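Observations on the three-dimensional arrangement
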Amino acid sequence: MGFMRIVASDEVLGTFIPIIVYWLYAALIVSMEKSFPKYKIRSAEEQDKRNHLVSKGTVIKGVVLQQVLQALTATLLYILTNRDDDAAASMTTSTTGQNDDGDDGIGPMIMMLATTMVQFLIAMVVMDTWQYFVHRYMHENKFLYKHIHSQHHRLVAPYAYAALYNHPLEGLLVDTMGGAVSFLLSGMSPRTSIFFFSFATIKAVDDHSGVCNFPWHPFHVLFRNNSLYHDVHHQLSGTKFNFSQPFFVFWDRILGTYHMPSSAEDELNKEAKSK
């Protein structure tokens, strides 16, 4: 039983579930591309042509390395913080309708949900802030761009499972550290982090998917920072714009680096309708 508790602990789940979610959601996107090719920003042939600098095998190896480093960092973070997770008591309340004293559990459940929502929002803002400034600096510093960040930009036409294809140092500074700071400043528990980092992972994969205008897609409806927005950044003409990731665009708007030409979006709509 002790071994099973360790295997199923919130810390272990928070480390490995986002990795599993990454590959499952990427596989879903690939399946969608094959079933509904008209919603791809570019055809598979054009995508391969534009990404001639790096093979898909190399991308997969790079992503796996990135995820190993993230798992090690997450494990270390959970060990160092060792936060108490009172979610188990809340789960008992939500399933029985009562707390340990036999009182109505609706109030505590609402409070738990409200707290989780606030922690999600704080973590989203913190992650966006961290990633915007570190990401932008890697573009503006010629040494860092040439030797580190340019690896990610070998993908001129990004695709789903390449979302985490980065230089290992960039992965540590931008993604892993950004996640760690978000976790710490939001005050979320390891159990809450399972859901937050899974959500952030799905968003990052979707932003690199190269799929746009899919009907009723929540990310494209709710977020201006989406696959089309990030695709602009990956083009040679867009590397000075759209540094925000993965949720909002407010830093780009505030600091004048937002660039979403309506003509590009209109043209994409025309192409989607004509296919």
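Our subject is the structure that appears above.
Residues numbered from 1 in each chain as written. Predicted model: local features only at pLDDT ≥ 70, side-chain atom pairs only at ≥ 80, totals over all residues. Heavy atoms only, no water.

Side note on the environment of His153
- Take His153: it is sitting in the loop between α7 (142-147) and α8 (168-186).
- C-alpha separation for the pair His153 and Val54, spaced 99 residues apart in sequence, amounts to 10.0 Å.
- Discounting chain neighbours no more than four positions away, the residues touching His153 are His139, Tyr145, His233, His234 and Thr239. (Helix = DSSP H or I, 4+ residues; strand = E, 2+ residues; numbered from the N terminus. Contact = heavy atoms within 4.5 Å.)

Quick word on a nonpolar patch on the surface
- On the surface, Ile60, Val64, Leu65, Val68, Leu69 and Leu72 cluster together into a nonpolar patch covering about 480 Å² of accessible area.
- Within the element layout of this structure, Ile60 appears in helix α4 (residues 56-81). (Patch = residues over 30% accessible without salt bridge, like charges linked within 9 Å, V, L, I, M, F, W, Y side chains within 5 Å. Areas by Shrake-Rupley, 256 points an atom, 1.4 Å probe, with all protein chains shown as cover. Salt bridge = Lys/Arg side-chain N within 4 Å of Asp/Glu carboxyl O.)

With respect to helix α6 (residues 106-140)
- Compared with an ideal rise of 1.5 Å per residue, which puts 35 residues at 51 Å, α6 spans 51 Å between its outermost C-alpha atoms and is within 8% of the ideal.
- Along α6, the positions that sit buried rather than exposed are Gln119, Phe120, Ala123, Met124, Val126, Met127, Asp128, Gln131, Tyr132, His135, Met138 and His139.
- Close packing links the buried residues of α6 with α7, α8, α9 (190-207), α11 (227-234) and α12 (250-254). (Expected span 1.5 Å × (residues − 1). Buried < 20%, exposed > 50% of the residue type's maximum accessible area, 1.4 Å probe, protein only.)

A closer look at the packing of aromatic side chains
- A complete count under the given rule lists 23 aromatic pairs for this structure.
- Ring geometry for Phe196 and Phe197: centres 5.3 Å apart, planes at 65°, overall edge-to-face. As far as the burial class goes, Phe196 and Phe197 line up, both buried.
- Across the ring face of Tyr159, the terminal group of Lys56 is positioned such that the distance to the ring centre comes to 5.5 Å.
- Sitting over the ring of Phe219, Lys203 keeps its end group 5.9 Å from the ring centre. (Phe/Tyr/Trp six-rings, centres within 6.5 Å; stacked < 30°, edge-to-face > 60°. Lys NZ or Arg CZ within 6 Å of the ring centre and 35° of its normal.)

Thoughts on the nonpolar core
- Residues Tyr22, Val59, Leu155, Tyr165, Phe196, Val205 and Phe247 are the most contacted members of the largest nonpolar core, which totals 35 residues.
- For this core, the secondary-structure elements that each account for two or more residues are α2 (10-35), α4, α6, α8 and α9.
- When residues no more than four places from it in sequence are discounted, the contact partners of Val59 are Val54, Leu155, Tyr159, Tyr161, Ala162 and Tyr165.
- Ranked by size, the runner-up nonpolar core spans seven residues in total, among them Cys212, Tyr229, Val232 and Met260. (Core = buried A, V, L, I, M, F, W, Y, C linked by side-chain atoms within 4.5 Å.)

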